Amino acid sequence: MALLPMIFVLVQSLIQYPQPAGDGLDEATHQRMKELQELLDHEMARLLQELEEQDKGWGAVLSGALQQWPFWVVAGVLVLLALWFTCRRRSGEASNNDVHEGEDSVDGREECMEVKVQESSDASEQRSREKEDHDGGKGESGSDGMEEREKTGYAGNEQGILLVDRIEWPVEDLERGCSVIAELMESLTRVFVDSVSNSFYPVPQEAIGVGSAFEGWSPRDWDGVYRVLVPLNPPPGHAFHLEPNSAGQVADRTFKVCVELVCTCEKEQVEEKPLCFLHHSREELRQKQKRSLLETLCTSSYLDVDKTSRWFCHLVRSSWLQVPQWHSWYVVFQPCSRSCRLELSKGRESLTVEMLFGVRRGDSDIFVSSQPTKATITASTAWAETYAVAEAKFFQHIARQLPCESLHLKCLQLFTCILRGTGFSSSTWKTVVMHVLTTVPLSRWHRRAFARRLWDIMAYLDRCLQLTHLRHFVLGNERIPAEISLPPAMRGVVPPNLFEHLARDPAAHREARQAYGRLRFRLGVLLSSH
């Protein structure tokens, strides 16, 4: 029985100094286990020797074994401890591995997502290159094959369809607002023409809806103003000529509208036309007809924006009571130095419309308008060149061609609203999407390819950021549809770089690249969650 105290001491030592989980046994534990093993071997040998010396049959053997019960208890405890140590070690290693894997997963989640997105972007670019390489040899069959693969073989199709169906914006409200504004401007134009028919003021033409609302989408930063451009034609006996106002950036050019008097003697003899300003005396002109445009809205010989704006606002005020809408809409005129802005309200419904006015460049869709420029101080005779009408016609052209007429608008809506706050302006997204629309065949803009078109847009933006070069969409673009009329000289110009500020400022370029990385990650998460 002297063995029992020693057994309890050994068990107590093992319990007080358990094996650490993770990296194996320390030196002290190794030494204790070795001593215990030697003691067990010695006791086992002694027990066998005693059993051999006792020749008392199986009953004697059983009796001897029962007398050594403390030894069997210790052996069982040791076996249990060994199993416990083994399980604890394996559990500790698995836990450590899980912790490390979790840390790696958290730290590398964005990197992993970026890799996946980059692979998608690279794959998109590769597909485009393969298409260009094979279009000449495969023709329609190659295009049809690519479209079929997009419909059936793209892993993100289902996610893209779920997402495109969930993108919503107040399209009905936009259509309603655009319809109301279009009807109002049509009524006002008829009154305008009658009002200026016996004068020598500019002749307003049919208004053209411009901006995102009339293009069918609304960015997050939209101010809720419906904008229209009212072209102004010269009155009888006058002509407009545009003169470049500066030799600055092509995309920010301003012009002067030079007003010239033209001879009307031949028309004067054929019909009852106003007197010719060039071939009649001032006294006769003063007595028989009203003053010329040069004497009313011009500074020197150039049409003045501020004077024209005051005249135009007065024209709208005087015409309001002559349009049918005045019965149902309450109007408030808001002060504006270079346009006419008014707020319409009827019950809970309210609309704000801003009427810009401008002069057309020849017979093209390019205008010089009263819209203020980015310059801090703008001369009253400076008219900014605008491409808003050409862009609006481009969106109308695209809507007629696409299988899903609003898919490109949902792309714009996603990038400017859902993924807002990434540092890229609405105008940048609009330019990028318009370029992609002229690069990717319109037959591939269908619902099942929504996710792929999003990555095409991202790939195009990525390429522009790498090169710090985003081409102006209208100027010098050979892919612009033929139905959009441009001045001949405008098609051959070098497209301005809208990312020139990034090329000049490395810090701004680095910030833009970081913003793109965040955007790419957010888009990947958004697509994977639908």
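Residues numbered from 1 in each chain as written. Predicted model: local features only at pLDDT ≥ 70, side-chain atom pairs only at ≥ 80, totals over all residues. Heavy atoms only, no water.

1. As for the confidence of the model for the protein
So, point 1. Scored by pLDDT, the protein comes out at a mean of 76, with 63% of its residues at no less than 70.
So, point 2. Across residues 8-25, confidence stays below pLDDT 50; counting only partners more than four residues off in sequence or on other chains, it has 23 contacts.
So, point 3. Here residues 92-156 scores under 50 on pLDDT; set against residues more than four positions off or in separate chains, the count is 48 contacts. (pLDDT = per-residue confidence, 0-100. Contact = heavy atoms within 4.5 Å.)

2. Let's talk about the packing of helix α12 (residues 388-401) against helix α14 (residues 426-437)
So, point 1. At their nearest, the axes of α12 and α14 sit 12 Å apart, and the two run at 45° to each other. As the angle between them shows, α12 and α14 are arranged oblique. In terms of crossing hand, the pair formed by α12 and α14 is left-handed. Of the residues in α14, those touching α12 at Glu-391, Phe-394, Phe-395 and Ile-398 are Lys-430, Met-434 and Leu-437. (Axes fitted to C-alpha atoms, helices over the stretch in contact; angles between N-to-C directions. Helix = DSSP H or I, 4+ residues; strand = E, 2+ residues; numbered from the N terminus. Parallel < 35°, antiparallel > 145°, perpendicular 65-115°, else oblique. Left-handed = near helix turned anticlockwise from the far one by under 90°.)

3. Quick look at the nonpolar core
So, point 1. Core analysis: the biggest nonpolar cluster contains 51 residues, and Trp-429, Trp-445 and Val-474 have the highest contact counts within it.
So, point 2. Secondary structure elements with two or more residues in this core: α12, α13 (407-418), α14, α15 (450-467) and α18 (506-528).
So, point 3. By residue number, the principal contributor to this core is α15, which donates 10 residues.
So, point 4. By size, the runner-up hydrophobic cluster in this structure holds 45 residues, among which are Cys-178, Phe-240, Val-316 and Met-355. (Core = buried A, V, L, I, M, F, W, Y, C linked by side-chain atoms within 4.5 Å. Buried < 20%, exposed > 50% of the residue type's maximum accessible area, 1.4 Å probe, protein only.)

4. Thoughts on the state of the cysteines
So, point 1. For the coordinates displayed, the defined rule picks out 0 disulfides.
So, point 2. No disulfide involves Cys-263; its sulfur sits 3.5 Å from the nearest other cysteine sulfur, which is in Cys-265. (Disulfide = S-S within 2.5 Å.)

5. With respect to helix α11 (residues 305-320)
So, point 1. Between its first and last C-alpha atoms α11 spans 22 Å; for 16 residues at 1.5 Å apiece the expected length is 22 Å, and the two agree.
So, point 2. Taken as a whole, α11 has its buried residues at Val-305, Thr-308, Ser-309, Trp-311, Phe-312, Cys-313, Leu-315, Val-316, Ser-319 and Trp-320.
So, point 3. At the N-terminal end of α11, a side-chain oxygen is found 2.9 Å from the backbone nitrogen of Asp-306, two or three residues along, and the residue is Asp-304. (Expected span 1.5 Å × (residues − 1). Polar contact = N/O pair within 3.5 Å; in protein donor to acceptor, adjacent residues only side chain to side chain.)

6. A look at the pattern of salt bridges
So, point 1. The final tally for this structure, using the stated rule, is 14 salt bridges.
So, point 2. Here Arg-227 makes a salt bridge to Glu-354, at a shortest N to O gap of 2.9 Å. On the criterion of sequence distance, the pair formed by Arg-227 in strand β3 (residues 225-233) and Glu-354 in strand β10 (residues 349-360) is long-range, its members being 127 residues apart.
So, point 3. For Glu-354, a relative accessible area of 7% puts it in the buried group.
So, point 4. Among the ionic pairs, Glu-385 bridges to Arg-361, the shortest N-O distance being 2.5 Å. In this pair, Glu-385 is assigned in strand β12 (residues 383-386) and Arg-361 in the loop between β10 and β11 (367-369), connecting sequence segments 24 residues apart.
So, point 5. The structure contains a network of salt bridges with shared partners spanning Glu-215, Glu-391 and Lys-430. (Salt bridge = Lys/Arg side-chain N within 4 Å of Asp/Glu carboxyl O.)

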